[in-house]
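Given next are the chains, with one letter for each unit.
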Amino acid sequence: MSLALAFQLLIQGILLGGIYGLTAVGLSLIFGVMGVINFAHGQMMVMGMYISYWLLVLLGLDPYLSLPLAAGAIFVLGYVMQSTVVNRILDFPEAMQVLPLVAMGLILENLALLFWGPDPRSPSTALGLATFTLGSATVDVSRLIAFGLAIAFTVFLVLFLKKSATGKRIRAAADNRLGAQLVGIKVDRVNNIAFGLGAATTGAAGALLLPLMPVSPYLGHDFTTTAFVVVILGGMGNLLGALVGGLILGVTESLATLALPATLKQVVSFGLLVLIMLYKPQGLFGGRR
Amino acid sequence: MLELKGIDVYYGDLQALRGVSLTVGAGEVVSVIGSNGMGKSTTLKAISGLLHPRAGSIQFQGRDITRLTPSAIVELGISHVPEGRQVFPSLTVLENLEMGAQFPEPIRRAGQTLEQVFAYFPRLKERLKQKAGTLSGGEQQMLAIGRGLMSLPSLMMLDEPSLGLSPLLVETIFEIIEQINQQGTSLLVIEQNVFHALGISHRGYVLEDGGVALSGPSRELLADPHVRKAYLGL
Ligand SMILES: Nc1ncnc2c1ncn2[C@@H]1O[C@H](COP(=O)(O)OP(=O)(O)OP(=O)(O)O)[C@@H](O)[C@H]1O
Ligand SMILES: [Mg+2]
C-alpha cells in the first residue's frame, strides 16, 4: 500500500465528504426542527441534479452558476411538500410519518423517470476534467469547488439560523412548538421555510454533484441512506456535526477502497452506522431532540 | 374587554368546558380558581386560539376572535403565559425575549419594553446570554412573563405563575403582577394558590367540572363558605 495512494484517497474522501455533509445538513435541519425524517431527501437531491442538468443542456448554464436556481427550485418543492403534506402528519406516530415521505420520494423518482428516462446522463462541464497537483496527489478542480461551496453553504445556513429573525423563529419553533405559537409565531409557515431550507440544501448538493457523477433517477435511495448515516454519525439535528460526519464518512469510504473492492462501499458506511448506533447512539457530537 | 359567552370545548370526544361564560373588564384583574383538571388551562387555551370552542363565542375589544389563529390573537393584544413556562430552552434569555415581539409595533418598541422587563426582573438582565434551559424554575417563570410582555398585550393571561416557586419568589411574582396591572394591562390569572389569587384580583371565578360554579368580587368569594371549605381548608 503506497502512502501516495492513501494521500490521494484521503483528499478524494474529504472532497466528496463535503457534499455528503451538505445533503446531511439538510436532513438534519429538517429532523431538528420538525422531528421528521425526510425519506424523500435523496430523491430531492436527484431533482437538484436534474434541474442543474437541464439548465446546463438547455441554457448552457454551468452547474456552479445554476446552483442558486437549483437550490431555489428545490426550496419551493420542499416548501410545498411541507405545507401540503408534512404539516398534517407532524403529530402522527413516527411509524406513520414514514410512508407519506417514502411515497413522495417515489413520486419524485417516477417524475424523474418520466421526464428524463432511465438512462444515466453525464454532461460535460467546463471544469469537468481540470486538475492540479498537490504534493503527490491530483486534485479535481470541480471536486474542490464543490467542496468549497458545500462548506460555504453550510456556514451560511448556520449563520442564517443563528442570526436572522426567521432563523431565530425556526429555532424557537424547533425548541418549543407551543411556546412558539403562544408568542405569535406562525409555526406552520416557519416549518414550511425550514423544510424548504433543508430541501434547498440537498438540492444544492445535487447541483454540486452533477459534474462529478452521472445522474439517473434511481440514485435517490443511496443518497438518502448515505445522508441518514451521516446524520446519525454527527448527531440528529446537529448541523455542524452533519458536516463533520460527512467528511468522516467520505474519508472512511475512500480509504476503505485500499483494502476492499469499491463495490463494498455501502458495507463500510453501514458498518459505521451499526458501530455508532451500538457505541455512541447520540452521534459523535451529540444530537438535539 | 374580553367576553366568553357559553363556550363548550372538547378534547376529541371528551368535553372539558361546559358553557363557560366569563368577562374581563379594562384594567381589571380577574382570577380563575379550581382544583386540578377542572378546565382552567383549557379556558385560556380557548381564548388564545390553541383550541376552538364547539359552541359559544369569544369577543375581545368588540371583535369576535372565536375562530382566529393564535398568532392573530397575539397581534390583537392578548398574551398567554402558559402552564409550565414553555420557554425556548436552547435560545438565550435575550433571544427568548426578542421572540416575544413578533409584530411591527412590538418590534419597533422592543428596546423600550426590554428595559421595562429588566426593571421588573433584574435577574434576567444578569443572565442575558445564558440559555433559557439552564435557568432555575423561578427564573424561567420570570422569563415567560417577560416574554409575554414583549408583545405589548392589553390583556395578559397567566396560568399558575406561582407553581413550584419558593414562598419568597411567589411574593415577588405577585407584586410584579400587580405592577403590570397598574401599568394598564388587564389580567386573567389562574391559580391554585387561592389566597393569593383572590388577594390580588378584583373578581374571581370558580371552575368546577368544566363549568363556572361560582363567581363574584374576590372579597365576597374569600368570605364564601363553599370557597373557604373547598379551597382554603378553613
Ligand atoms: N390534551 C388533552 N387531551 C385530552 N384531555 C385533556 C387534555 N388536556 C386536558 N385534558 C382534560 O381536560 C380537563 C381540563 O383540563 P385542564 O388542563 O383545563 O385543567 P386545569 O384546571 O388547568 O387543571 P390543573 O390545575 O391540573 O392545571 C381535564 O379533565 C383533563 O384531563
Ligand atoms: Mg392547568
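These remarks concern the structure in this document. (Residues numbered from 1 in each chain as written. Chains lettered and ligands numbered in written order. Predicted model: local features only at pLDDT ≥ 70, side-chain atom pairs only at ≥ 80, totals over all residues. Heavy atoms only, no water.)

### Points about unusual backbone geometry
All names here are of chain B.
Move 1: Residues other than glycine seldom take positive phi values, yet Gln61 does so here, at roughly 45°.
Move 2: Inspection of the secondary structure assignment puts Gln61 in the loop between β4 (55–60) and β5 (63–64).
Move 3: Taking the relative accessible area as the measure of exposure, Gln61 reaches 46% and is therefore partly exposed.
Move 4: Positive phi is not limited to glycine here, since Leu152 has a value of about 55°.
Move 5: Within the fold, Leu152 resides in the loop between α7 (137–149) and β7 (155–159).
Move 6: What makes Leu152 partly exposed here is its relative accessible area of 28%. (Helix = DSSP H or I, 4+ residues; strand = E, 2+ residues; numbered from the N terminus. Buried < 20%, exposed > 50% of the residue type's maximum accessible area, 1.4 Å probe, protein only.)

### Re the site of ligand 1
Residue and element names in this part refer to chain B.
Move 1: Lining the immediate surroundings of ligand 1 are 14 residues, of which Gly37, Lys40, Ser41, Thr42 and Glu83 lie closest.
Move 2: Asn36 is positioned such that a nitrogen or oxygen atom in its side chain is 2.9 Å from an oxygen atom of ligand 1.
Move 3: Interatomic distance of 2.4 Å between a side-chain N/O atom of Thr42 and an oxygen atom of ligand 1.
Move 4: Protein chains shield 63% of the accessible area of ligand 1, which is 630 Å² for the free molecule.
Move 5: Elements represented by at least two residues in the shell around ligand 1 include exactly β2 (14–24) and α1 (40–47).
Move 6: A per-element tally of the shell around ligand 1 places α1 first, with three residues.
Move 7: Residue composition of the shell around ligand 1, by class: four nonpolar, seven polar and three charged. (Near = heavy atom within 4 Å. Polar contact = N/O pair within 3.5 Å; in protein donor to acceptor, adjacent residues only side chain to side chain. Areas by Shrake-Rupley, 256 points an atom, 1.4 Å probe, with all protein chains shown as cover. Nonpolar A, V, L, I, M, F, W, Y, C, P; charged D, E, K, R; others polar.)

### A short note on the interface of chain A and chain B
Move 1: The interface of chain A with chain B comprises 18 residues on the first partner and 20 residues on the second.
Move 2: Contact between chain A and chain B buries roughly 1,700 Å² in total, counting both sides, with carbon and sulfur atoms accounting for 58%.
Move 3: Its largest share of buried area at the contact with chain B, chain A owes to A:Asp175, A:Leu182 and A:Val183, together 36% of the area lost on that side.
Move 4: Counting across the chain A and chain B interface gives two salt bridges.
Move 5: A:Lys168 serves as the salt-bridge partner of B:Glu98, at 2.9 Å between the closest nitrogen and oxygen.
Move 6: Along the contact surface separating chain A from chain B lie eight residue pairs in polar contact (both at pLDDT 80 or more). (Contact = heavy atoms within 4.5 Å. Buried area = accessible area lost by both parts, 1.4 Å probe. Salt bridge = Lys/Arg side-chain N within 4 Å of Asp/Glu carboxyl O.)

### Here's the deal with the sheet that holds β5(B)
Residue and element names in this part refer to chain B.
Move 1: What the four strands build is an open sheet, ordered β2-β1-β4-β5; its pairing is antiparallel. The open sheet has two edge strands, β2 and β5, and neither has a second partner.
Move 2: As defined by bridge partners, strand β1 (residues 2–11) adjoins β2 across seven bridges and the pair is classed as antiparallel. From the neighbouring strand, Tyr10 faces β2, where its bridge partner is Gln15.
Move 3: α1 contacts β1, β2 and β4 of the sheet and is inclined by roughly 110° relative to β1. (Pairing = 2+ DSSP bridges. Axes fitted to C-alpha atoms, helices over the stretch in contact; angles between N-to-C directions.)

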